[in-house]
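A closer look at the structure
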Amino acid sequence: MPPPGGRNGYLTEEEKKNKPKVTKELLLRIFSYLKPYRKQFLLVLTAILCSAVMSLMPSVLTGKIIDEGLIKQDLHKLILFILLSFGVTLAANLIGILESYLNTWIAQHITFDMRNAMYKHLQTMSQRFFTTNNQGDIITRMTSDISGVQQIITNTLTSILSNAITLIAALVLMFRENWILALIGALIVPLFTIPTRRAGKNRWEITRESQACSDEINGILNETLSVSGQLLVKLFGMEQHEYQRYETVNRRMIHLNIRESMAGRWFRMVLTTFTSIGPMLIYLVGGIIMMHYDPTLTVGQITVLVALLGRMYMPVNQLLNIQVDWIRSMAMFTRIFEYYDMPAEITDDPDAVTPEDVRGEVEFRHVQFRYNPEREILKDINFTLEKGKCVAIVGPSGSGKSTLVNLIPRLYDVTGGAVLFDGTDVRKLPLEFLREHIGIVSQETYLFNGTIRENLLYAKPDATEAELIEACKCANIYEFVEKQEEGLDTVVGNRGLKLSGGEKQRISIARILLKDPALMIFDEATSALDSISEQMIQDAIEPLIASRTSILIAHRLSTILAADEILVIKDGEIAERGTHSELVGSGGVYTQLYETQFRRADSEAAQPDLSYTEGEA
Ligand code: ATP
């Protein structure tokens, strides 16, 4: 069904500019969600039709009660019509219950489908999507926007149908009773369009503003009530500032809510006033016709017309109000579809073939990369990593080291050149295969809020107890686990924050050990750990590196020394390459890094560093 607002042109120019474009494609797309439930929907339609028509019957029967029962003083007919009227009302209400149930059922199932599809789609979105889009906005679309869709199905859609049917049926019945009076009743209806135009004027603007405001509130809450966010707020003493920021948006929100609700209230007041004019006019004209022109017109007939007119106002009123709900729902659908239509940037090549032999070898061939067109992050990177070898990547902060390794599991795709895994361009390999054979221990260790066991099983859901223990032992974390009362079932806290940085790192190493990838990438944390933690991590990764193909983003000399080749990245380019002894005396970037960073990091590690660092937090 086309939107009543759009079709009847109730919207002002300003609204037309801002309202979502309701196209045939959009409507077809919305209705495509109804398709799987068309049988149930047909049943709802029948129920709506029956209950709408039946609910009008008592009004018609009132005429019979007056003319044939009361005026003719026929008790038998009086009782018959009263019982009939009661029976029809009861039946209409019972059908109404069935209709509500089916309606809710359909709406819930459609939202279920939409939520699942959206979640699935979001899972395929690239890293770029999540780094670019506001988290609050993503969550709003997943939650309140999709709930809004449920609203449109349960309320708006059925409301349009049942009101339209009631309206048409009432009009037909009125014209059957008396066409002159029916015409008067029908002529009053257009008067409703006047207040609608006024009321609709600002509503869309307010709705849009309050949606943006709600996104902003979600954003603030997400940022400042997260563990790391709170820590930052506390350490910088920004509680008052954040409170004020929140209060300002919150205040704006209540103003918008009040304005939005008052726009509707004012609208209803005008409509109610108009509602009282109609019956009076029919009594007046009906009385004049009966007294002077047509004595066959009965009191019962006039009463039926007034009753039917009364039944018409509500549907008209609701249909006109729906315009606003409709626009809001369309805006929600548009927002949801906007996400659906964002292409998953990184997808499987249809011709991708799964190789049989996995060695974990990597080759970068003239690799170029930019996050956005303005700035080149990696420029012509070339290197080869053979099976069982280890490459260390070093370089100043921001030189592009993490970016470089993120290209291997295709978190991003190269913008020039190619990354090869076992001799095949990574874009020609199935994503699942590629990621299955690459393990990354990233700088920022992420653990889900659950137990140590659950976090470990994330890498290998069917791992046995013995395998879990073995992995923990190899990662030097078993001693810690054993000391915990709950052992492997110790809860790690929100994002693993109940654990120290070193413990988290070692758990993530155990997790990678369980995954047992062909290629290991270790992004060493820049933050300082005390020498004991440092040594424990070192002891855990050294055997790992020795036994498999690996890439290390290194910040410490001890890690670098374990590598077969060192690549020094500066400004997105390989500035130098070689072994430690070849590079250290060259007087270039590596020498500088060695003097300023590695040597210091290692001497610090030699003495426990207990100072607090932000990165560690
Ligand atoms: P560090 O040693 O400090 O971790 P790095 O060498 O690993 O630094 P990268 O994280 O690869 O550096 O970042 C390289 C450059 O790319 C930086 O200038 C950074 O600002 C930019 N950058 C990183 N991630 C993004 C992103 N998602 N979108 C846009 N630019 C980014």
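The text that follows walks through the structure, step by step, so that each part is easy to find. (Residues numbered from 1 in each chain as written. Predicted model: local features only at pLDDT ≥ 70, side-chain atom pairs only at ≥ 80, totals over all residues. Heavy atoms only, no water.)

This part takes up the environment of Glu-436. Inspection of the secondary structure puts Glu-436 in helix 14 (residues 431–436). Given a relative accessible area of 46%, Glu-436 falls into the partly exposed group. Along the sequence, Glu-436 and Ala-518 sit 82 residues apart, while their C-alpha atoms lie 8.7 Å from each other. Excluding anything up to four places from it in sequence, Glu-436 contacts Lys-515 and Pro-517. (Helix = DSSP H or I, 4+ residues; strand = E, 2+ residues; numbered from the N terminus. Buried < 20%, exposed > 50% of the residue type's maximum accessible area, 1.4 Å probe, protein only. Contact = heavy atoms within 4.5 Å.)

So, about a nonpolar patch on the surface. Among the surface-exposed residues, Phe-175, Trp-179, Ile-180, Leu-183 and Leu-187 lie close enough to one another that they form a single nonpolar patch of about 510 Å² accessible area. Among the elements that line the nonpolar patch, the one with the most residues is helix 8 (residues 179–188), at four residues. (Patch = residues over 30% accessible without salt bridge, like charges linked within 9 Å, V, L, I, M, F, W, Y side chains within 5 Å. Areas by Shrake-Rupley, 256 points an atom, 1.4 Å probe, with all protein chains shown as cover. Salt bridge = Lys/Arg side-chain N within 4 Å of Asp/Glu carboxyl O.)

This part covers the sheet that holds strand 5 (residues 424–425). The strand order across the open sheet formed by four strands is 2-1-4-5, and the pairing between neighbours is antiparallel. With one partner strand each, in any of the chains shown, strand 2 (378–385) and strand 5 form the two edges of the open sheet. Across five bridges, the pairing between strand 1 (residues 362–369) and strand 2 is antiparallel. Directly across from Val-362, in strand 2, lies its bridge partner Leu-385. (Pairing = 2+ DSSP bridges.)

On to the nonpolar core, then. Among the nonpolar cores identified, the biggest contains 62 residues, and Ile-110, Met-114, Met-118, Leu-122, Leu-181 and Phe-337 are the most heavily contacted of them. Where this core is concerned, the elements lending two or more residues are helix 3 (24–32), helix 4 (38–71), helix 5 (75–124), helix 7 (135–177), helix 8, helix 11 (239–293) and helix 12 (299–340). The element contributing the most residues to this core is helix 12, with 19 residues. A domain-level breakdown of this core finds at least three residues from each of domain 1 (24–177 + 318–345) and domain 2 (179–296). Core analysis: the next-biggest nonpolar cluster, separate from the first, contains 44 residues, Val-394, Val-441, Leu-456 and Ala-540 among them. (Core = buried A, V, L, I, M, F, W, Y, C linked by side-chain atoms within 4.5 Å. Domains from an automatic or database assignment.)

Our next topic: the site of the ligand. Residues in close proximity to the ligand total 15 residues, the closest being Arg-375, Ser-397, Lys-401, Ser-402 and Thr-403. In this structure, an oxygen atom belonging to the ligand sits 2.9 Å away from a main-chain N or O atom of Gly-398. Burial of the ligand by the protein chains amounts to 68% of its free accessible area of 640 Å². Element by element, the count of residues in the shell around the ligand is highest for helix 13 (residues 401–406), at three residues. (Near = heavy atom within 4 Å. Polar contact = N/O pair within 3.5 Å; in protein donor to acceptor, adjacent residues only side chain to side chain.)

Quick look at the side chain of Asp-422 now. Note that Asp-422 resides in the loop between strand 4 (416–421) and strand 5. One buried charged residue, Asp-422, remains without a salt bridge, the closest side chain of opposite sign being Arg-359 at 4.1 Å. Among the polar contacts listed, one links the side chain of Asp-422 to the backbone nitrogen of Arg-359, at a separation of 2.8 Å. At 2.9 Å, the side chain of Asp-422 forms a polar contact with the backbone nitrogen of Gly-360. If we skip the residues at most four places from it in the chain, Asp-422 touches Asp-357, Val-358, Arg-359, Gly-360 and Glu-361. (Lys, Arg positive; Asp, Glu negative; His and termini not counted.)

Let us look at the pattern of salt bridges. What the rule picks out here adds up to 25 salt bridges. With a shortest N-O distance of 3.1 Å, Arg-141 and Glu-338 are connected by a salt bridge. Taken together, the positions of Arg-141 in helix 7 and Glu-338 in helix 12 put the pair 197 residues apart, joining distant regions of the chain. Classification of Arg-141 by relative accessible area gives buried; the value is 7%. Residue Glu-338 is classed as partly exposed on the basis of its relative accessible area of 42%. Among the salt bridges present, the one from Glu-376 reaches Arg-370, with a minimum N-O distance of 3.6 Å.

This paragraph deals with the layout of surface pockets. Estimated volume of the second largest pocket: approximately 430 Å³. Around the second largest pocket, the lining is made up of 22 residues, and of these Ser-162, Asn-163, Thr-166, Met-314 and Gln-318 lie nearest the centre. Among the secondary structure elements, those contributing two or more residues to the lining of the second largest pocket are helix 4, helix 5, helix 7 and helix 12. Here the lining of the second largest pocket takes seven residues from helix 7, the largest share from any one element. Looking at the lining of the second largest pocket, its residues break down into five nonpolar, 15 polar and two charged. (1 Å grid on protein atoms, 1.4 Å probe; cavity = no way out; pocket = protein on both sides within 12 Å on 5 of 7 lines; lining within 4 Å. Points joined across faces, edges and corners; volume = space filled by probe spheres on them. Nonpolar A, V, L, I, M, F, W, Y, C, P; charged D, E, K, R; others polar.)

Without other data, these values stay purely geometric and don't point to any function.
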